[in-house]
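Residues per chain, in single letters:
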Amino acid sequence: MSSPDAITLTGVEHAYGDVTAVGPIDLTVPEGEFLVLVGASGCGKSTLLRLIAGFEQPTTGTVRTGDTAPVPGRGAGMVFQQPRLLPWKTVGGNVELGLGYAGVADRRERVEELLAGVGLPGVSKRRTWQISGGQQQRVAIARALAVDNPLLLLDEPFAALDALTRERLQEDLRRVSAATGRTSVFVTHSVDEAVFLGSRVVVLTARPGRIALDLRIDLPRSGITPDELRGRPEYAALRSEIGHAVRAAAHLEGSPT
Amino acid sequence: MSTSVTTATAPPAAEPSIGGPPAGRRAPAPRGGRRRRILLRLLALAVLYALWEVAARVTRNPTFIPPPSAVWHQLVETSSTHDGRRGYSGHLLIEHLGVSLRRILVGSAIGIGAGLVLGVVMGSVAWIRVVVEPVVTFIRALPPLAYFSLFIIWFGIDETPKIWLLSIAAMPPVAVAAAAAVYSAPTALVEAARALGAGRRQVIRDVVLPSALPEIFTGIRLAVGVAYSSVVAAETINGVPGIGGMIRDAQRYSQTDVVVLGLFAIGLSGLLIDALLRTAENRLIPWRGRA
């Protein structure tokens, strides 16, 4: 039995005023897939993610997550480019938020577990400004993972971090993702990040963003160290192929407007 | 309103750096700087005191400028019973002050509560903001003494009109601050909460209100300042006991030293209350300036 689709986009277009930012796009994401959307800045990849999250409504076409139209906070955890932690809550309090809204009891232990899961044990009592930017983003990921949503949406979550921290977080996200197997959509402009994280990579054209390339990444998802992965010849080949596509797509208008 | 005695009008630079525990806090001012600031203030006080003394001696007219010693003497007189006379106008200074403070407390508490509710509603419901905003601005522009007459006609001359006066005077600063802060709640955080499954109420409770707290607190300090500067006006009619009533009586008998004593009582207690509010603020809003 084939697994059902977690996300279905049919003829989706989104315009801000007169400017079409995205589409038309048809895309289905099966359950368990880690989809990475790549494209130059301004290609509408973040808009696409916001459509999937339910923060925006398509101008035309339909978006479905599972069997329903997406509603923010239902069925999808989200990580933004900035950590967006609430400074009046402790680190633990931030992770606890979603659990509270979902009415989960015994939240304390779960919070500790989640923080340990992103490599931050024992920081739940700290204030959000007492931890580093990378740690804040880890907390944001733990917070988004807290409720067992079928979807995880990430909008350039590592773009604002320094290179070393970014690499660490990529590795940790890859591990966490392999462990949970949660359907994920990850937006980035980094080709390397796309190949490293994705089980499938979709390259978008310049505005209005359309699908320029849709590629399955056949690299092992687990049981391999990051260095081994990066050292594989397929890795380099995929990187180069996607890199070409991204550069070509950046100059390619989706349609004359 | 420029007579406001609290530091509501003081420049924000005068805010002491927040002390307290954890790392990552703004570095405290070097100790030398702090000591110098205290020294500077003491010096300024001494200079003022000397100027006052000199002015009193030069003018030789205690009704115009009473010497410091006379004011001190009145402090002792009004705080004790002499020749069967208890304090001033039958009440000790501390009683006058206590009654005034109680009025300020009750009045500004009501005003702050009302302003808070009004401001949050104004900040979140567009049409209410459109309707109510000019009204609040209108009230804010009125000198409290102007509508006091109305309250006297409506409520007589006892406590009720005084409390009303202070409540109405204290309401606008909080309402305006709360409305502005709620209206400009950070969309990024609102979105983050919604993405975690927060409903409308939870967004208000967990994001909108906490993010508005710093501005609301500034509004509260302003409100208490306005209540402070209005209490003397409120006590011009049937104000004994009360500092305003005491000053009023002293003015009638040209007891300038008592008037000055009353001013000191209000001003110093105002400083104290503002310091308390600021301490509360730093406790309640540790994230101020870090969001």
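Residues numbered from 1 in each chain as written. Chains lettered and ligands numbered in written order. Predicted model: local features only at pLDDT ≥ 70, side-chain atom pairs only at ≥ 80, totals over all residues.

Chemist: Mind laying out the overall build of chain A, listing which residues take part and the relevant values?
Modeler: On a plain count of helices and strands, chain A comes out with eight helices and nine strands. Relative to a compact globule of 257 residues, whose C-alpha radius of gyration would be 18 Å, chain A shows 18 Å and is just as compact. Taken across its 257 residues, chain A has 46% of its residues classed as buried. Within chain A, counting contacts between residues at least 6 apart in sequence, those at least 24 apart form 70% of the total. (Helix = DSSP H or I, 4+ residues; strand = E, 2+ residues; numbered from the N terminus. Rg over C-alpha atoms; globule rule 2.2 N^0.38 Å. Buried ≥ 20, exposed ≤ 12 C-beta atoms within 10 Å, placed from the backbone. Contact = placed C-beta atoms within 7 Å.)

Chemist: Describe the environment of B:Ile266, and please don't skip the residues or the numbers.
Modeler: Among the secondary structure elements, B:Ile266 is positioned in helix H10 (residues 256–284). Spatially, the C-alpha atom of B:Ile266 lies 42 Å from that of B:Leu189, the residues being 77 residues apart in sequence.

Chemist: How would you sum up the interface of chain B and chain A? Please name residues and give values.
Modeler: Reports of interface size often rely on the accessible area that becomes lost once the parts have come together. Contacts between the two partners involve 20 residues from chain B and, on the opposite side, 21 residues from chain A. Residue assignment for the side of chain B that touches chain A shows that the elements contributing at least two residues are helix H7 (187–195) and helix H8 (200–234) of chain B. With seven residues, H7(B) is the single largest residue contributor to the side of chain B that touches chain A. A breakdown of the residues in the side of chain B that touches chain A according to their chemical character gives 13 nonpolar, three polar and four charged. (Nonpolar A, V, L, I, M, F, W, Y, C, P; charged D, E, K, R; others polar.)

Chemist: Which residues make up the domain arrangement of chain A, and what values go with them?
Modeler: All names here are of chain A. We note that the domain assignment places domain 1 (1–75 + 162–257) and domain 2 (81–148) within chain A. For domain 1 versus domain 2, the distance between C-alpha centres works out to 25 Å. Each partner contributes residues to the interface: domain 1 has five residues there, and domain 2 has seven residues. In terms of residue class, the side of domain 1 that touches domain 2 is made up of three nonpolar, one polar and one charged. (Domains from an automatic or database assignment.)

Chemist: Lay out helix H5 (residues 163–180) of chain A with the relevant residues and their values.
Modeler: Residues and elements named next belong to chain A. The terminal C-alpha atoms of H5, which comprises 18 residues, lie 25 Å apart, in line with the 26 Å expected from a rise of 1.5 Å per residue. Buried residues of H5: Leu169, Gln170, Leu173 and Ser177, and no others. Angular distribution of buried residues about the axis of H5 spans 110 degrees; they occupy a single face of the element. Structural note: H5 exposes Leu164 and Ala179 on the side pointing more than 90 degrees away from its buried face. For H5, the secondary structure elements touched by its buried residues are strand S3 (34–38), helix H4 (133–145), strand S7 (183–188) and helix H6 (191–197). A positive backbone phi angle near 65 degrees is found at Gly181, which sits one or two residues after H5. (Expected span 1.5 Å × (residues − 1). Arc of directions from axis to C-beta.)

Chemist: Describe in detail unusual backbone geometry, supporting the description with residues and values.
Modeler: Residues and elements named next belong to chain B. Across the junction of Val240 and Pro241, the peptide omega takes the value 0 degrees, indicating a cis bond. Within the fold, Pro241 resides in the loop between H8 and helix H9 (243–252). Located in the positive-phi region is Arg60, a residue other than glycine, with phi close to 50 degrees. Residue placement: Arg60 occurs in the loop between helix H1 (31–59) and helix H2 (68–78). Although it is not a glycine, Asp83 adopts a positive phi angle of roughly 50 degrees. Counting through the fold element by element, Asp83 comes out in the loop between strand S1 (81–82) and strand S2 (85–86).

Chemist: So what about the sheet that holds S7(A)? Which residues, and what values?
Modeler: All names here are of chain A. As summarised here, the arrangement of the six strands in space is S5-S6-S7-S3-S8-S9, forming an open sheet in which the pairing is mixed. Of all strands in the sheet, those with a lone pairing partner are strand S5 (76–79) and strand S9 (211–216), marking the two edges. Between one strand and the next, the sheet's axes are offset by a mean angle of 15 degrees, whatever the strand orientation. Running at roughly 20 degrees to strand S8 (residues 200–204), helix H8 (residues 233–251) makes contact with S3, S8 and S9 of the sheet. (Pairing = 2+ DSSP bridges. Axes fitted to C-alpha atoms, helices over the stretch in contact; angles between N-to-C directions.)

Chemist: Can you lay out the sheet that holds strand S4 (residues 60–65) of chain A for me, pointing to particular residues and giving the numbers?
Modeler: Residues and elements named next belong to chain A. In spatial order, the strands read S2-S1-S4; together these three strands make up an open sheet with antiparallel pairing. Two strands in the sheet have a free side with no partner beyond their single neighbour: strand S2 (19–30) and S4. Taken over all neighbouring pairs, the strand axes of this sheet differ in orientation by 20 degrees on average, direction set aside. This element, helix H1 (residues 45–53), spans strand S1 (5–16), S2 and S4 of the sheet and lies at about 125 degrees to S1.

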